[in-house]
Amino acid sequence: MRIHYTILTITILLFTSCNQSSNTQGGVSSTSSLASQIGIDILKQGGNAFDAIVATGFTLAVTSPSNGNLGGGGFLVAYTEDGEAISLDFREKAPALSYETMFLDENQEYSRDLALNSHKSSGVPGTVNGLLKIFNDYGSGNFTLKEIMAPAIHYAENGHYINATDAKGFDSYKALFLTDAGSTKIFVKDINDAIINIQKAFKNGDLSEEDYAKELASIDEWKPGDLLVQKDLADTLKRIAQYGKAGFYEGETAELIIEEMNANDGFITKEDLFNYDSVYRNPVVGTYRGNKVISMGPPSSGGALLIQMLNMIENFEIKSMERNSTEFVHLLTEVQRLAYADRAIHLGDPDFWPNPIPMLTSKEYAKERLALISMNSATRSTKIAAGKTLSKESIETTHYSVIDNQGNVAGITTTLNLSYGSKKIVDGAGFLLNNEMDDFSSKPGTANAFGLIGYEANAIQPFKRPLSSMSPTVIIDNEGNPIVTIGAAGGSRIITGVLQTIISIVDHGLNIQEAINVPRTHSQWLPDNVRYEKDALTQQTISELEALNHIFEHNGTAENGTYTLAQIHGVHLKNNKFITGFDKRGTYDENEGITY
Ligand code: DON
């Protein structure tokens, strides 16, 4: 029997700023406390989890510019009070003009610059279509779209006070923002003649790269508490609020996108925008120790890999293994190796590629694969191509979640791909373009920004969606009661982060915040090594794992001294309380992470 929570008491906790809170009314977790607050306001005004997540999503596009977005895409995984499991794919699509070798240079080598920093790096954005579909199909009907979008419009029009992470982000990408007129206007503090002269000098070759960097560093820096006003973005949001998806995919916004593309050799056309549609897909569903795990299927690899790894791990007495012990990390690494090898070969956009999901997620297959590994020694990853080191950029994707008191659970992971996407603003429309096209396999066996390799299944084709690692996941107990909604940012590290957090919740009985705090490790078949967070492993454990033939990558430290394998957010319903979880990884401000 499913539980219906009728206790509508608004507890003090609901209004308390803290990094972890629990209450009996509902929970919202996101990377921006302003956006989480908007979600909770909607719940308080009689909205359901779907109203709340859409309001939070539009607000994130304003208050969390590095990853919240209108110009990107994402996935929703949800479970309704009627027991329906849903997944919506609003991933970006390759424009009609794209082709398999579009990111290869004249030597037929993968050009990272083209794949990440050009206008060609953008897929056709899906976020607006997706959020509107969720609102129309699953919203409570108690709100108009204008009401849902009003807070986002307010923050864009009147500004919001930025936090330390934003200040740091805007300044650290300054050089790239300065290559784009729209981004310069919004993200470079106090753009003035002095800056323009520095840029000119650099372009003319009068400044060395080193001196250019020094000059840039001397430009006025952003500070937490500075006001960020985004008038063009407010106008775009208003057009969406008024005309729905036509406010983005047609009319003035579409024209601004096309102008931006035409002026910069981009591929997205009017038809690409007009034809974009998000798609409901069957979520991938598995079980883990009697709980139902509902996650995102292709074009994400997240759900299939997560369930495959859980199926393998279920064969072991994890509870009795010490967390991050030699035995635990060895098992985890071997399981990750097996799953990521499958990812490279088997998974791609289901509209183009037959994904063997039943096989990958079956308990029998997990057992077969386990037969390939030993508990006594690391298996070397098959050497098809040397994987490149993972990008050390921090958090560029974002997950947000809502559980309401009627039993609706909704989680969205959304991204521009890297931080601030391609760093290109659609001039006049105020939003950043994604660089999601790099998630395709641009050249068979060559690593993308996340060190991931792929082959035909994930080759570029017009209208195809690039393979993702985003893993919005909902767990339901064996009576159909929601337990947790969870997801992460962190590219290829998302799936292993979600996996380890689920193990902490299910096997080790931790609440979501405690589970998020547990230091993690990551491996992904290729490159054949193990990455670990500060405090995850003792020197002795590392030596023991090395004795088992594991190879370590001892880097990845972010400037604030913590490692950022994946940033996880979620809501946990435990003992009839909604507990929100926020990940401090990659943040710079003690007061961030207010979730409700
Ligand atoms: O869809 C994906 O898997 C990637 N584009 C996600 C990027 C991401 O998480 C960036 N954060 N580090």
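Look a little higher up for the structure.
First things first, this report covers the structure right here in the doc. Computed from a predicted model, the values in this text were never measured in an experiment.

### Focus on the sheet that holds strand β11 (residues 409–415)
Spatial strand order, β2-β10-β11-β3-β4-β7: six strands in an open sheet with antiparallel pairing. The sheet is open, and its two edges are formed by β2 (27–29) and β7 (279–281), each paired on a single side. Neighbour-to-neighbour, the strand axes of the sheet open up by a mean angle of 15 degrees, direction not taken into account. Pairing of strand β10 (residues 397–403) with β11, which is carried by seven bridges, proceeds in the antiparallel orientation. Following the sheet pairing, valine 402 is matched in β11 by alanine 410. Sitting on the sheet, helix α1 (residues 33–44) is in contact with β2 and β10, with an inclination near 160 degrees to β2. This element, helix α2 (residues 49–63), spans β2, β3 (73–79), β4 (85–90), β10 and β11 of the sheet and lies at about 155 degrees to β10.

### Looking at the pattern of salt bridges
Inspection of every chain in the model, using the stated rule, returns 22 salt bridges. Taking the shortest distance from any N to any O, the salt bridge between arginine 281 and aspartate 89 comes out at 2.8 Å. Taken together, the positions of arginine 281 in strand β7 and aspartate 89 in strand β4 put the pair 192 residues apart, joining distant regions of the chain. Of the two residues, arginine 281 and aspartate 89, both sit in the buried class. For the salt bridge of aspartate 528 with arginine 380, the shortest nitrogen-to-oxygen distance reads 2.6 Å.

### With respect to the packing of aromatic side chains
Taken as a whole, this structure holds 16 aromatic pairs when the rule is applied. When the centroid spacing of 5.1 Å and the interplanar angle of 45 degrees are considered together, the rings of phenylalanine 170 and phenylalanine 187 count as tilted. Taken together, the positions of phenylalanine 170 in helix α6 (residues 164–172) and phenylalanine 187 in helix α8 (residues 181–187) put the pair 17 residues apart, joining distant regions of the chain. On the basis of relative accessibility, which here comes to 0%, the residue phenylalanine 170 falls in the buried class.

### Things to note about a nonpolar patch on the surface
Together, Tyr161, Leu227 and Val229 give the surface a local cluster of nonpolar side chains, amounting to about 300 Å² of exposed area. For tyrosine 161, the location among the structural elements is in strand β5 (residues 160–161). Under the relative-accessibility criterion, tyrosine 161 is labelled exposed at 59%.

### Quick word on the packing of α2 against helix α4 (residues 127–138)
At a closest axis distance of 9 Å, the pairing of α2 and α4 adopts a crossing angle of 160 degrees. Classified by the interaxial angle, the pair formed by α2 and α4 is roughly antiparallel. Pair α2 / α4 crosses with left-handed handedness. Between α2 and α4, the contacting residues are Phe50, Asp51, Ile53, Val54, Gly57 and Phe58 on the first element and Leu131, Leu132, Ile134, Phe135 and Tyr138 on the second. Of the residues in the contact of α2 with α4, the class split is nine nonpolar, one polar and one charged.

### What to know about the pairing of strand β12 (residues 473–476)
Neither face of β12 is open: one carries Thr473 and Ile475, the other Val474 and Ile476, and all of them are buried. Where β12 and strand β13 (residues 482–489) come together, four bridges link them in antiparallel fashion. Paired with threonine 473 across the two strands is isoleucine 486, which belongs to β13. Where β12 hands over to β13, the hairpin turn is made up of five residues, of which glycine 480 adopts a positive phi near 90 degrees.

### Some details on the nonpolar core
Judged by nonpolar contacts, the single largest core of 80 residues is most densely connected at Tyr288, Leu306, Ile313, Ile318, Leu499, Ile503 and Leu537. Per-element accounting of this core gives the leading share, 10 residues, to helix α16 (residues 326–346). With residues near it in sequence (within four places) discarded, tyrosine 288 still touches Val293, Leu310, Ile313, Glu314, Ile318, Ile502, Ile503, Val506 and Asp507. Among the nonpolar cores identified, the runner-up in size contains 60 residues, and Leu88, Leu145, Ile257 and Val402 belong to it.

About the thresholds
- Residues numbered from 1 in each chain as written.
- Predicted model: local features only at pLDDT ≥ 70, side-chain atom pairs only at ≥ 80, totals over all residues.
- Heavy atoms only, no water.
- Pairing = 2+ DSSP bridges.
- Helix = DSSP H or I, 4+ residues; strand = E, 2+ residues; numbered from the N terminus.
- Axes fitted to C-alpha atoms, helices over the stretch in contact; angles between N-to-C directions.
- Contact = heavy atoms within 4.5 Å.
- Salt bridge = Lys/Arg side-chain N within 4 Å of Asp/Glu carboxyl O.
- Buried < 20%, exposed > 50% of the residue type's maximum accessible area, 1.4 Å probe, protein only.
- Phe/Tyr/Trp six-rings, centres within 6.5 Å; stacked < 30°, edge-to-face > 60°.
- Patch = residues over 30% accessible without salt bridge, like charges linked within 9 Å, V, L, I, M, F, W, Y side chains within 5 Å.
- Areas by Shrake-Rupley, 256 points an atom, 1.4 Å probe, with all protein chains shown as cover.
- Parallel < 35°, antiparallel > 145°, perpendicular 65-115°, else oblique.
- Left-handed = near helix turned anticlockwise from the far one by under 90°.
- Nonpolar A, V, L, I, M, F, W, Y, C, P; charged D, E, K, R; others polar.
- Core = buried A, V, L, I, M, F, W, Y, C linked by side-chain atoms within 4.5 Å.

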